[in-house]
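# Commentary on secondary and tertiary structure
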Amino acid sequence: MKKSNTIYFLFIFLLTYSLGVVLRLWELPLWNAPHLHVNGEPIMATHDAYAWLAGAIGTGNNYNAPMSTILSLLHNITGINVATINFWLPVIVAPLVCLPIIFICQLFGIVEASLVAGTIASLGTGYFLRTRMGYGDTDILTIFLPLAYCAGLIYWLKPFINNWRRKDYEFTLILKQHLLKGSIFTGFILLFYNWFYPNAYPIVMYTYIFTIFLSFLLTPRKIFINLLSGFTIILIIGFGQLIGLLLASIFVYLIYTETNNKKKTIYNLVFLSCALGLLFYHKHWGAILSLIDPILNYAKIFPFLEEKKYSIKLPQVLASVREAQNVSLPMLIQRVGQNPYIFFPGLIGFILACTRFPLLLIFLPQLGLSILSFKLGNRFTMYGPPIIGLGLSLGLTFILEKIKIKPLILYLLLTCFVIYPTINLVKILRPTPVLPQVYAKSFLEIDKIANPKAQLWQWWDYGYAAQYYAKRKSFGDGGRQNGPYLYPLALAHTTSSPLQAAQIIKFTAQDQQEQITEMQQNGTKPSNPGAKILYWPIDPVRKLNLMGATKAQTFIDSLKEKTLNFSADIPEQYFVLSWENLNLSYWISYFGNWSLITGQGVHGGFKRLKGKINLNLSKGYISFSGKTLPMLKLLILKKDGTSMEKSWIHPKGLYIVYNAYLPQVIAMDKTIYNSMMVQMLLNNPNKFKPYFTLVLDKFPWVRVYKVN
């Protein structure tokens, strides 16, 4: 690259990167509020951020995860606490997504087009909302890495595929050297990608397979056969780990020095077999099944967990996860292209650009995932903005070249246009801490109360935060929230029987402890070896599964009345109830009222009442939104830390909770009102004494009980 081109490249990079940083800093003054900090640390804005914080300090299940390792390393280098580092990482790292976009435009000889494309990639709504301040999750590199992977493939293949014509030419020494250099470069990008975010395997392989198909279509047979060596190198380096690097070195040497085509073919077959062997060694049958399962899961085809090893039908959590919810067409357009005036021209421009630069088709799998987010879920929208950006900018270049207009000034003006929606967006954004300060402080107090081997039963969304602040094992978290964990956790929260709640906790904890003992005896390793708190690959519903669906359901129902004897060796179990759970009660009640036989749940009724509300306490009626309805019970939460409950006799009616602290009025049905998540949080704690002992009271926000 010439010096002038390098300066041009750096200028565009600094401009697009700075735009991404500045707009992510917009919320900073609002984050200075005291209630958004605990012990001098900012509260995170996403649940998964706490997974890496807990992993970084050795108290979480993700102790060995790449994100946790990076946070721990940065902490050791800088001395800054991991929460503060993770709070700022999105601002610093996420805008780097413009870099591979600029590199791709440079490869096509239109680097100025990356002004628009890089800006859209960094500020696309679907990506921007997930990489704001406090959103210290893997998303900070989740788009950068597939873009870098595709940029590596384009860099490698460009000398061989420059247009739609399959023109035969001599495979010179220079091309041979580029083939090896480009595939090695791309292989190392893939190696880091797989290390940092192994869950991206389906996207990686869809792109890899499609690129092979594209190469087959657009290159002569002789060139394609040579390219297969490069595809083998990428696969070996990307998935082979240390052994792969060694094999790749041998393979590169043999391919570079060998002139006999028959021997080359043999080498290709041998090392391709090695590459596939390594892939299956590391992933087993997941090398194939992993390409299908994510689509089936995110498409939410099954309401219950479809696993052959279970005789009972367990709930499937993705139905309730916000990022996995289906996306409407207007939201899809906003998340992928900011507005219709960018989205549709971007799509059309992408088609036009592909007519000149066929290698852009490498992005089709990612574009498909983002378009299919209307079914696969909100998370996948963030894969679309970079492609829409490339389409808009390169498509525009295609048109401008036809009419011979220099596009630089136009690109600068267009960049101002595409950042306008983001500026409007950041003006209305507010900090979104995933848990209130009082909840975080409660976990900190648990650290002083609970035995180091204790386990916390909070709702799974807050499992990672519990691991970080309380430094205790949690039953359920963002990585252990499906059927086997979801069912007993939801049952304990939803049941109206404190005996059943206590017994399902102890029954599950006892089985956990038995399995851990068995694993320690047979040499099974924990999932986070070396951590301060160990997590083991146990099955929380093992005993229920052995009973079969009908007997298991009968047993669960019997826990309301029949008292069981449990081992005295069970570690301390703590039941953590919070006001935040009420926001989730619609789904918690669904999973808690679950039939292990039919695989169906029943939602409880819950609604926050707004507007003018009148209470007739003498007759037991509530008026709101032009309606007057009977009340069966009213629970008033007073500011002095006490509560008062009133009852009326009506054929049917609502259960009302009035929180004077907020103030706020909530209407619910009998199922949710009588559940432990409401009663143990808001009613007299002495009612539950035979089964639970209150150890921390932050009424009405948080209560923590020790299971007796």
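Report follows, based on the coordinates. (Residues numbered from 1 in each chain as written. Predicted model: local features only at pLDDT ≥ 70, side-chain atom pairs only at ≥ 80, totals over all residues. Heavy atoms only, no water.)

Leaving glycine aside, a negative phi is the common case for residues, and trans is the common case for peptide bonds. Each neighbour pair has its own omega, and for leucine 662 with proline 663 the value is -15°, a cis peptide bond. Cis peptide bonds are those with omega within 30 degrees of zero, and the linkage from phenylalanine 699 to proline 700 qualifies with 0°. Structurally, proline 700 is set in the loop between strand S13 (692-698) and strand S14 (702-707). Positive phi outside glycine occurs at asparagine 39, with the angle close to 55°. Overall, asparagine 39 belongs to the exposed group, its relative accessible area being 67%. Its identity as a non-glycine residue notwithstanding, lysine 471 has a phi of 55°, on the positive side. (Helix = DSSP H or I, 4+ residues; strand = E, 2+ residues; numbered from the N terminus. Buried < 20%, exposed > 50% of the residue type's maximum accessible area, 1.4 Å probe, protein only.)

On to the nonpolar core, then. Most often, soluble globular proteins keep nonpolar side chains buried together rather than apart. Counting residues in each nonpolar core, the largest one holds 159 residues, and the members touching the most others are Tyr50, Leu360, Phe363, Leu435 and Phe443. Contacts of tyrosine 50, omitting those with residues within four sequence positions, involve Ile43, Met44, Val434, Leu435, Tyr464, Ala465, Tyr468 and Tyr469. Grouped together as the second largest cluster of nonpolar side chains are 63 residues, Ala509, Trp536, Leu582 and Leu596 included. (Core = buried A, V, L, I, M, F, W, Y, C linked by side-chain atoms within 4.5 Å. Contact = heavy atoms within 4.5 Å.)

A word on the packing of aromatic side chains. On inspection of all chains with the given rule, the structure shows 35 aromatic pairs. Pairing phenylalanine 475 with tyrosine 485 gives two aromatic rings, centres 5.1 Å apart and planes at 50°, and the pair type is tilted. Of this pair, phenylalanine 475 sits in the loop between strand S4 (473-474) and helix H24 (483-494) while tyrosine 485 sits in helix H24, placing them ten residues apart in sequence. Between tryptophan 587 and tyrosine 590 the ring centres are 5.4 Å apart and the planes differ by 90°, which places this aromatic pair in the edge-to-face class. Of the two residues, tryptophan 587 and tyrosine 590 are both situated in helix H29 (residues 585-592); the distance of three residues between them amounts to about one turn of the helix. The exposure class of tyrosine 590 is buried, given its relative accessible area of 11%. An aromatic cluster of three or more residues is present, and its members are Tyr586, Trp587, Tyr590, Phe591 and Trp594. The side chain of lysine 473 reaches across the aromatic face of tyrosine 535, ending 5.7 Å from its centre. (Phe/Tyr/Trp six-rings, centres within 6.5 Å; stacked < 30°, edge-to-face > 60°. Lys NZ or Arg CZ within 6 Å of the ring centre and 35° of its normal.)

The next point concerns the packing of helix H6 (residues 114-123) against helix H21 (residues 408-428). Relative to each other, H6 and H21 sit at 15°, their axes nearing to 8 Å. Between H6 and H21, the interaxial angle falls into the category roughly parallel. Between H6 and H21 lies a crossing whose hand is right-handed. Contacts between H6 and H21 involve Leu115, Val116, Thr119, Ile120 and Leu123 on the former and, on the latter, Leu408, Tyr411, Leu412, Leu414, Thr415, Val418, Ile419 and Thr422. Among the residues forming the contact of H6 with H21, the class breakdown is ten nonpolar, three polar and no charged. (Axes fitted to C-alpha atoms, helices over the stretch in contact; angles between N-to-C directions. Parallel < 35°, antiparallel > 145°, perpendicular 65-115°, else oblique. Left-handed = near helix turned anticlockwise from the far one by under 90°. Nonpolar A, V, L, I, M, F, W, Y, C, P; charged D, E, K, R; others polar.)

What follows concerns the pairing of strand S11 (residues 654-659). Strand direction decides the pairing type here: strand S9 (residues 627-637) and S11, joined by six bridges, are parallel. From the neighbouring strand, lysine 633 faces S11, where its bridge partner is tyrosine 655. As defined by bridge partners, S11 adjoins strand S12 (residues 664-668) across five bridges and the pair is classed as antiparallel. Its bridge partner being in S12, isoleucine 656 is matched across the sheet by alanine 667. (Pairing = 2+ DSSP bridges.)

What follows covers H6. Of all ten residues in H6, ten are buried; the element is thus mostly enclosed. Residues of H6 that are buried include every one of Ser114, Leu115, Val116, Ala117, Gly118, Thr119, Ile120, Ala121, Ser122 and Leu123, and no others.

With mixed pairing, the five strands of this open sheet are ordered in space as S4-S3-S5-S14-S13. The open sheet has two free edges, formed respectively by S4 and S13, since each of these has just one partner strand. As judged from the six bridges shared by S13 and S14, these two strands associate in the antiparallel manner. Paired with threonine 693 across the two strands is lysine 706, which belongs to S14. Most of the contacts of H24 go to strand S5 (residues 573-578), to which it runs at about 65°, and overall it touches strand S3 (455-457) and S5.

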